[in-house]
Amino acid sequence: MALPLIVFIALAGLFLLRLYGGDPSRIPSALIGRPAPQTALPALQGLINNGAPVPGLDPAAFMGKVSVVNVWASWCVPCHDEAPLLTELGKDQRLQIVGINYKDAPDNARRFLGRYGNPYRIVGVDGNGRASIEWGVYGVPETFVVGREGTIVYKMVGPVTPDNIDTVLKAEIDKALKAGS
């Protein structure tokens, strides 16, 4: 008679531990150490930077450069919070910031970038979400660091924040920059 109660308490304890005791950004990715997905994505129509259209995602763009790939959407509330941090990060000429616009209306995406600034040198549109599945995305925002050889070296689940940009993301970027030197 006590067995169901013991099982219930154990399951409730496990549930609470998982809910409150872990860092959700530490979800392991099977893609770490593997080549970035070879999925080309079309450009965000009408997006202009310095008088030229911003290109879509060509997987060859990862070769020879350290890239920060950010999966975002205008409807994503945390994406609004991380946008100024990515804009600041985009000023670092040692790397390229790549955006994957996830299931978003083009007008809304352009308005979002107009509001916060466009940190992305490349913006690929993932209208149906299939490319994000290939990247192993759980939800937006997510950010990846891709090394010079086109291999994913780090994945951050959740938004870039003032708390994690220097201690986590920039540290992983620095590792990738040093690895290719």
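Now for a quick tour of the structure. (Residues numbered from 1 in each chain as written. Predicted model: local features only at pLDDT ≥ 70, side-chain atom pairs only at ≥ 80, totals over all residues. Heavy atoms only, no water.)

### A short note on the state of the cysteines
Selection criterion: The disulfide criterion is simple: two cysteine sulfur atoms within 2.5 Å. Between buried and exposed lies partly exposed: a residue is buried under 20% and exposed over 50% of the maximum accessible area for its type, with that area taken using a 1.4 Å probe on protein chains only.
Counted according to the given criterion, the structure contains one disulfide. Between the sulfur atoms of Cys76 and its disulfide mate Cys79 the distance is 2.4 Å. Judged by the torsion about the S-S bond (85°), the Cys76/Cys79 disulfide is right-handed. Since its relative accessible area comes to 3%, Cys76 is described here as buried. Judged by relative accessible area, which is 1%, Cys79 ranks as buried.

### Brief notes about the nonpolar core
Filter applied, for reference: By nonpolar core we mean a set of buried residues, namely Ala, Val, Leu, Ile, Met, Phe, Trp, Tyr and Cys, connected to one another through side-chain atoms within 4.5 Å. The helix count covers DSSP runs of H or I at least four residues long, the strand count covers runs of E at least two residues long, and both are numbered beginning at the N terminus. Whether two residues touch is decided by their heavy atoms; if any such pair falls within 4.5 Å, the residues are in contact.
If you look at the biggest cluster of nonpolar residues, it comprises 48 residues, and the most contacted ones within it are Phe62, Val69, Trp72, Trp135 and Ile173. Every element with two or more residues in this core is listed here: β3 (66-72), α2 (77-89), β4 (95-102), α3 (106-116), β5 (122-126), β6 (142-146), β7 (152-157) and α5 (165-179). Aside from chain neighbours lying at most four places away, what touches Trp72 is Cys79, Gly99, Ile100, Asn101, Tyr102, Asp104, Ala109, Phe112, Leu113, Tyr120, Val123 and Val140.

### Comments concerning empty space enclosed by the protein
Put simply, the rule is: Grid points spaced at 1 Å over the protein atoms alone were grouped into cavities, where a 1.4 Å probe fits but cannot get out, and pockets, open sets with protein on both sides within 12 Å along at least five of seven lines, with lining residues defined by an atom within 4 Å of a point. Grid points are joined across faces, edges and corners, and a volume is the space filled by probe spheres set on the points. Any residue outside Ala, Val, Leu, Ile, Met, Phe, Trp, Tyr, Cys, Pro, Asp, Glu, Lys and Arg is labelled polar, Gly included; the first ten of those are nonpolar and the last four are charged.
This structure, assessed with the given rule, holds one cavity of 30 Å³ or more. If you add up the space inside the largest cavity, you get close to 50 Å³. Asn70, Trp72, Cys79, Glu82, Ala83, Leu86, Phe112, Leu113, Gly117, Pro119 and Tyr120 together form the lining of the largest cavity. At the level of secondary structure, the elements contributing two or more residues to the lining of the largest cavity comprise β3, α2 and α3. A per-element tally of the lining of the largest cavity places α2 first, with four residues. Counted by class, the lining of the largest cavity contains eight nonpolar, two polar and one charged residues.

### Description of the environment of Gly139
Tracing the chain through its elements places Gly139 in the loop between α4 (130-134) and β6. When its relative accessible area of 29% is taken as the criterion, Gly139 is described as partly exposed. In the structure, Gly139 is positioned 68 residues away from Val71 in sequence and 8.5 Å away in space, judged by C-alpha atoms.

### Notes on α2
For the record, the criterion: Here the bend at a residue is taken as the angle between two axes, fitted respectively to the seven residues that end there and the seven that start there.
The axis of α2 is deflected most strongly, by about 40°, at Ala83, and proline Pro84 appears within four residues downstream. Here α2 has its buried residues at Cys79, Glu82, Ala83, Leu86 and Leu89. Looking at the buried side of α2, the elements it contacts are β3, β4, α3, β6 and α5.

### Structural notes on a nonpolar patch on the surface
Put simply, the rule is: Residues forming no salt bridge and having over 30% relative accessible area are the ones grouped into patches, like charges within 9 Å of each other and nonpolar side chains (Val, Leu, Ile, Met, Phe, Trp, Tyr) within 5 Å. We get accessible surface area from the Shrake-Rupley algorithm with a probe of 1.4 Å; when it comes to residues, only the shown protein chains can shield them. Note on definitions: salt bridges are taken to be side-chain nitrogens of Lys or Arg within 4 Å of carboxyl oxygens of Asp or Glu.
Together, Leu3, Val7 and Leu11 make up a nonpolar patch on the protein surface, roughly 300 Å² of accessible area in all. With respect to the helices and strands, Val7 occurs in helix α1 (residues 2-20). Taking the relative accessible area as the measure of exposure, Val7 reaches 42% and is therefore partly exposed.

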